[in-house]
Each structure stands twice: as C-alpha cells, then as structure tokens.
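# Structure at a glance
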Amino acid sequence: MSKPQPSSLKISELNWINRFAQLGDAFSTRLTATAVPNPQWMAFSSNLSHEMGLQDDWMHEPGVLDALSGNAVFKGSEPLASVYSGHQFGHWAGQLGDGRALCLGEVLTRVGPLEIQLKGAGPTPYSRRADGRAVLRSTVREFLCSEAMAGLGIPTTRALCMVSSPLPVYREELESAAVLTRVAPSFVRFGHFEHFASVQNKAALKTLAQFVLDLSQENLMKHTNLSALDGLSFEEKCLAFLELTAINYAKLMSQWQGVGFCHGVMNTDNMSILGLTIDYGPFQFMDAFDPQHICNHSDHEGRYRYAQQPQIAYWNLFCLGQAFASLIEDTDKIVKALSLFKTHLPLEIERVYQSKLGLLELSSAQQDKPDSSLAEGILQVLAQERVDYSIFWRKLSVAVGHYPLLARAAFDGVNELFLDARGFQLWLDGYLDRLKSENVEASAQRMLKSNPKFVLRNHLCEIAIQAAKAGDNSEIERLMKVLSSPFDEHPGFESFADHPPHWAQSLSISCSS
Ligand code: AMP
Ligand code: MG
C-alpha cells in the first residue's frame, strides 16, 4: 500500500513512481512527445480531478498546459511507449504497441497509484507509418465517453482533460489535432501478454504477470478469500488472476449490455487486463434496440455487434489464456479458470436486468417463471419494435414510480413508444404480476438508479464536436454535467435525453480517429 497522499495536490507536487518504466527495456521505448503548435485547454473532468485529490485550479499552474500537450515533461516523469501485440478482427496482427499514446509514468494519489497517458502526442517506434496523432473529433468522443462510463458506474479508463491544437491532421479529410490526458491504474492490455508469448520471452512474461499480480493484490485476496497470497505458488497466483479476470469481464460485459453500449473494436489489444473499458473509438450507445447492431462501419462482418460482445470477450480471454500457457503447465487449469466467465455471465446479466426491472432477488422456488424470462421477453419485444433502448428503460422506471397511484394507466407513456403495443401489453401483464411480490416504491427507486436518463449518444457527441470545431467548448461542458450523474433528472437538459434526430441515422462512425 502506498502512503496516504494529501487531498489538495498541485500537479507539480505529484510524486512520480514510473513503475512500468522500471520493468525494463523489453517492455517499452523511452521517448518524449512531439510538440504541438499553440495548445489550448478544451475541457476538464472535475470529478476525476477531485478523485485524484488535485487542487481545483491545477490547470492554472505554470507549465501544466505545456506538459499535458506534450510540449514539456513533468519533473520526475519518465515518458515511454510500450510494446504490445494482438488479435484484430479475429486474426493475429503481430506487433502493435503504443503508436500514439505516451505513458508519462505513474503518480501517487489518494486513490492509489495512477498511470497518466497522453494520447495523440506524436509518433513512437510503434506508429507503423501512422502519424501518432488523434483528431479533435475522436478525442472529444473518448474524453466524454470515459467520464460518461464512470458516471454510469462502469469500470473504465478515465480522462482528465483535453487540449486542442491547430496542427493539421489528415484522415478522410483535413482535421485538427488534440491531445487527451487519460488516467487508469494501468493501461496494460491482453496484447501485452500476447506480445511476450509470441516472441517467446518467458522471463518478460513472468515479469509482466508479477506486475499485474501486484496491481491486483487486494482483489486477488478477496477473490481467493486469503489474507495474504504468500502461501500460493506463482502458478497458483496466475490461475487466480485468470479467474478474477474472467469474472471481471463477465461483470463488464453485463454492464455494457445493460446500458446498450457497443464498444466497436474488441480486439485483444483493446482489452484491459484490469477489466476496464478502454480505447474508445467507434463506440455507440444504442438508440433503437437491435441486438444485431454494428456500430463500427469498418466492421463489415459484424464481429463486434452488440449481441456478440460477451462471446468475443470469452474468445479474447482465451487469447490471454494462451499467452499464459508458458507460465502455467497444465492448460486444463487455464481453461477451467477462464470458464468462470461462462458460469458468471448469465448470473451477472440476470443481476443487471433484475435491477433494470426493479426486482429483488427471489429464489426460483418462489417464482413460477425466473426473472431472466421477463428480461428476455421484453428484449424480444423491444427488438421487434425497434424501440429506443435507453428511453424505454427510463420511462418504465418513471411509470413504476407512478403505478401505486395510477395503476395500469401509469404505463401509457411507455405504451406510446411502440407502434404496435400488443407485445408490450402482454409482457406488462406478467411484469405487473411479478411486481406484486415487490415493494413497488423501492422498485421504482432501484430502477431510477439503474436506468440512466442520459447516455452519450452519437448525435450528442456530434453536436459537441461541431461546436468545439467552431471554438465553442460549452456543449462539452454541458454534456459532462449530465453524464457525470446520468441517473439524476437535470431539469433543463431534457433535450439530451430525447430520441435522436433524423440526421443521426446517417452518422457513420468508423475506426478512423
Ligand atoms: P486502435 O484501433 O485505435 O486500437 O489502434 C490499433 C493500433 O494502431 C495501436 O497500436 C495504435 O497505437 C495504432 N494507431 C492507431 N492510430 C494511430 C495513429 N494515428 N498513429 C500511430 N499509431 C496509431
Ligand atoms: Mg487500441
């Protein structure tokens, strides 16, 4: 455990520990960022600043803008780009690495050591002929979504701030650059392990495994019910870690599915070893519910479509398991550890939908039909009618709150969401029947805390991006306000909770960023 840190830190007082740098030269290349012209602050996450214990005005300290745009180096930081490999769209892609992310090192904060990265800070040895930059458009998306996911209570890497620069960047058209400061306990990916397995560097693999075991020590103790891990062999610790990772992913996938989040590029190099949502690219919070929805226009086969995300997570876990095979002799044990994903996923999914439906856990002996069939039933109706996913759940929550007073009429507003409401009405019979065994007021409260009023829809991103391109960052700020507490009502911000406008259908989001 690190010693407690003061709660009002200046950025210049941050204590850099550079843990990843200490792993050795095999893991990374030391380098500094490439400067950008005329950097300007665009946006900050005050929530993350508070969590990290930074002073409110940390951004006004001299030199901070330069350091977080890559034009200067913080005293004590040892910047580096790390090497990893990965499977992309189901195929081995070989060596990738931080092509445009620079790890500045780790700092000690009151919530523990946190790695700080600059994304879009210039080319690295892993850029593979690309420019090492991130455009303003994709940086706004990653900034907002990182903090939106945190607001939803979903594990994620975080975003502290973003900086714009007039530096021209070419994608399908001419755009301009931005630099994102992102933060996480670690940005290690499945692909880091795959890399050292592929080059058969067992010593590095072991070092990396020990690094993540150390990071996960507390969670591993909880998982194994042990007060210390000393009694376990290295192999046993690795197996416990794979179990924990499998369970983390079962939880993460159920949370993604619950809010209708599509990641878009679940390549193994985009899978956080800590089970965080990472690398926001062509993501989307679904509008109309369609289990087969593909949010990434570069995903021609629909490999990463909404309904398939959990299966892909399992596939990716097997890539991780394979990478661990030189550290764990008995591969059956690896398969068994990872299979916890399969046993936990249905339980986690059920838990998520029970909350969304406002149901408390009843044993199946107490029920004619399990709650999972209620959830499956409504998802089928929503898919058939292509009803807006987030609006449905929020309206249902509000309706349950009015039910004690208005009886069935409370659901008229939900009914209106369906062109043909017969399927919904039929489902409602069963749901109201099940609600009889609940305290309905408590159910409504639970639902309002489980079904967000606000999610970061594509068109909301787009409006904020267009405004930011024209030099107006106020839309980003307004979105941050609602998305950091998306279960609150936020009167005056209703338009952010509305159906997408017609033009949103023609938005095409690809890997280009
Ligand atoms: P992604 O699909 O964004 O997860 O990126 C896959 C790989 O390509 C990673 O190794 C990235 O670092 C790299 N990459 C993506 N865009 C760029 C860029 N503009 N410059 C350098 N490397 C990039
Ligand atoms: Mg990536």
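Placed above this text is the structure.
Notes on the structure in this doc start here. (Residues numbered from 1 in each chain as written. Chains lettered and ligands numbered in written order. Predicted model: local features only at pLDDT ≥ 70, side-chain atom pairs only at ≥ 80, totals over all residues. Heavy atoms only, no water.)

### Here we look at the packing of helix α6 (residues 217–224) against helix α7 (residues 234–259)
Packed helices, taken two at a time, are described by the angle their axes make and the gap between the axes. Contact pair α6 / α7: the axes reach a minimum separation of 10 Å and the direction vectors enclose 90°. By the angle between their axes, α6 is roughly perpendicular relative to α7. Contacts between α6 and α7 pair N219, L220, H223 and T224 from the former with A240, F241, E243, L244 and I247 from the latter. Residue composition of the contact of α6 with α7, grouped by class: five nonpolar, three polar and one charged. (Axes fitted to C-alpha atoms, helices over the stretch in contact; angles between N-to-C directions. Helix = DSSP H or I, 4+ residues; strand = E, 2+ residues; numbered from the N terminus. Parallel < 35°, antiparallel > 145°, perpendicular 65-115°, else oblique. Contact = heavy atoms within 4.5 Å. Nonpolar A, V, L, I, M, F, W, Y, C, P; charged D, E, K, R; others polar.)

### Overview of the environment of H459
Inspection of the secondary structure assignment puts H459 in helix α16 (residues 458–469). Put simply, H459 and W503 are 44 residues apart on the chain and 8.3 Å apart in space, counted from C-alpha to C-alpha. Not counting residues within four places of it along the chain, the set of residues in contact with H459 comprises H499, P500, P501, W503, A504 and L507.

### A few points about the packing of aromatic side chains
Scanning all chains against the criterion turns up 30 aromatic pairs. Taking the centre distance of 4.7 Å and the plane angle of 20° together, the rings of W427 and Y431 count as stacked. One end of the pair, W427, and the other, Y431, are both in helix α14 (residues 422–435), four residues apart, so they sit about a helical turn from each other. For the pair W427 and Y431, one class covers both residues: buried. Through successive ring pairs, a cluster of aromatic residues spans F289, Y306, Y353, Y389, F392, W393, F418, F424, W427 and Y431. When the ring centre of F283 is taken as origin, the NZ or CZ atom of R141, which lies over that ring, is 4.1 Å away. It is K206 that lies over the ring of F234; its NZ or CZ is 5.2 Å from the centre. (Phe/Tyr/Trp six-rings, centres within 6.5 Å; stacked < 30°, edge-to-face > 60°. Buried < 20%, exposed > 50% of the residue type's maximum accessible area, 1.4 Å probe, protein only. Lys NZ or Arg CZ within 6 Å of the ring centre and 35° of its normal.)

### Things to note about unusual backbone geometry
Not every positive phi belongs to a glycine, and R129 is a case in point at roughly 70°. Along the chain, the position of R129 falls in the loop between β7 (112–119) and β8 (134–135). For Q200, which is not glycine, the phi torsion reads 55° and is therefore positive. Judged by its relative accessible area of 72%, Q200 falls in the exposed class.

### A look at the coordination of the magnesium ion (ligand 2)
Around the magnesium ion (ligand 2), the protein contributes the donor atoms N270 (OD1) and D279 (OD), at 2.0 to 2.2 Å from the metal centre. For the pair formed by N270 and D279, the shared burial category is buried. (Donors = N, O, S within 2.8 Å, 3.2 Å for Na, K, Ca; no water.)

### Quick look at the packing of helix α3 (residues 136–152) against α16
α16 packs onto α3 with a crossing angle of 130° between their chain directions and a minimal axis gap of 10 Å. Looking at the two axes, α3 sits oblique to α16. Here α3 and α16 pass one another in a crossing that is right-handed. The residues of α16 that touch α3, namely those facing L136, R137, V140, R141 and L144, are N458, C461, A464, I465, A468 and K469. Class assignment for the residues of the contact of α3 with α16 results in seven nonpolar, one polar and three charged. (Left-handed = near helix turned anticlockwise from the far one by under 90°.)

### A short note on the side chain of N451
You can see N451 is positioned in the loop between α15 (440–448) and α16. One polar contact links N451 to K356, side chain to side chain, over a distance of 2.9 Å. Residues contacting N451, with those up to four places away along its chain left out, are K356, W393, R394, S397 and F487. (Polar contact = N/O pair within 3.5 Å; in protein donor to acceptor, adjacent residues only side chain to side chain.)

### Some words on empty space enclosed by the protein
The tally for this structure, following the rule as stated, stands at three cavities of 30 Å³ or more. In this structure, the largest cavity encloses a volume near 70 Å³. Contributing to the lining of the largest cavity are F20, L80, S82, D98, C103, E115, Q117, S186, F187, V188, R189 and H192. At the level of secondary structure, the elements contributing two or more residues to the lining of the largest cavity comprise β3 (80–82) and β7. Class assignment for the residues of the lining of the largest cavity results in five nonpolar, four polar and three charged. (1 Å grid on protein atoms, 1.4 Å probe; cavity = no way out; pocket = protein on both sides within 12 Å on 5 of 7 lines; lining within 4 Å. Points joined across faces, edges and corners; volume = space filled by probe spheres on them.)

### A short note on the site of ligand 1
Around ligand 1, the surrounding shell holds 17 residues, and the nearest of these are G97, G99, R128, G132 and N270. Within the side chain of R171, a nitrogen or oxygen atom sits 3.3 Å from a nitrogen atom of ligand 1. Here ligand 1 loses 81% of its free accessible area of 480 Å² to cover by the protein chains. When atom positions are compared with the pocket grids, ligand 1 is found to occupy the second largest pocket. In terms of residue class, the shell around ligand 1 is built from three nonpolar, six polar and eight charged. (Near = heavy atom within 4 Å. Areas by Shrake-Rupley, 256 points an atom, 1.4 Å probe, with all protein chains shown as cover. Sits in = over half its atoms within 2 Å of the grid points.)

### A look at the side chain of S355
Inspection of the secondary structure assignment puts S355 in helix α10 (residues 340–357). Judged by relative accessible area, which is 16%, S355 ranks as buried. Polar side-chain contacts of S355 include one of 3.4 Å to the side chain of R446.

### Notes on the pairing of strand β9 (residues 158–170)
Inspection of the sheet shows strand β2 (residues 40–44) paired to β9 by four bridges, in the antiparallel sense. Following the sheet pairing, Q40 is matched in β9 by S164. Relative to strand β10 (residues 174–184), β9 is paired through 10 bridges, and the arrangement is antiparallel. In the sheet register, S165 faces β10, and the bridge partner there is A177. A loop of three residues connects β9 with β10, the two strands running antiparallel in sequence. (Pairing = 2+ DSSP bridges.)

### Let's talk about the nonpolar core
Within the largest apolar cluster, 120 residues are counted, with the highest numbers of intra-cluster contacts made by F193, F324, F341, L456 and I476. Ranked by the residues each element gives to this core, the list is headed by α7, at 14 residues. Not counting the four nearest positions on each side in its chain, L456 is found in contact with R141, L144, C145, A148, F283, F285, C461, L479 and L483. The next biggest cluster of nonpolar side chains, apart from the first, holds 39 residues, and it includes L357, A383, V387 and L396. (Core = buried A, V, L, I, M, F, W, Y, C linked by side-chain atoms within 4.5 Å.)

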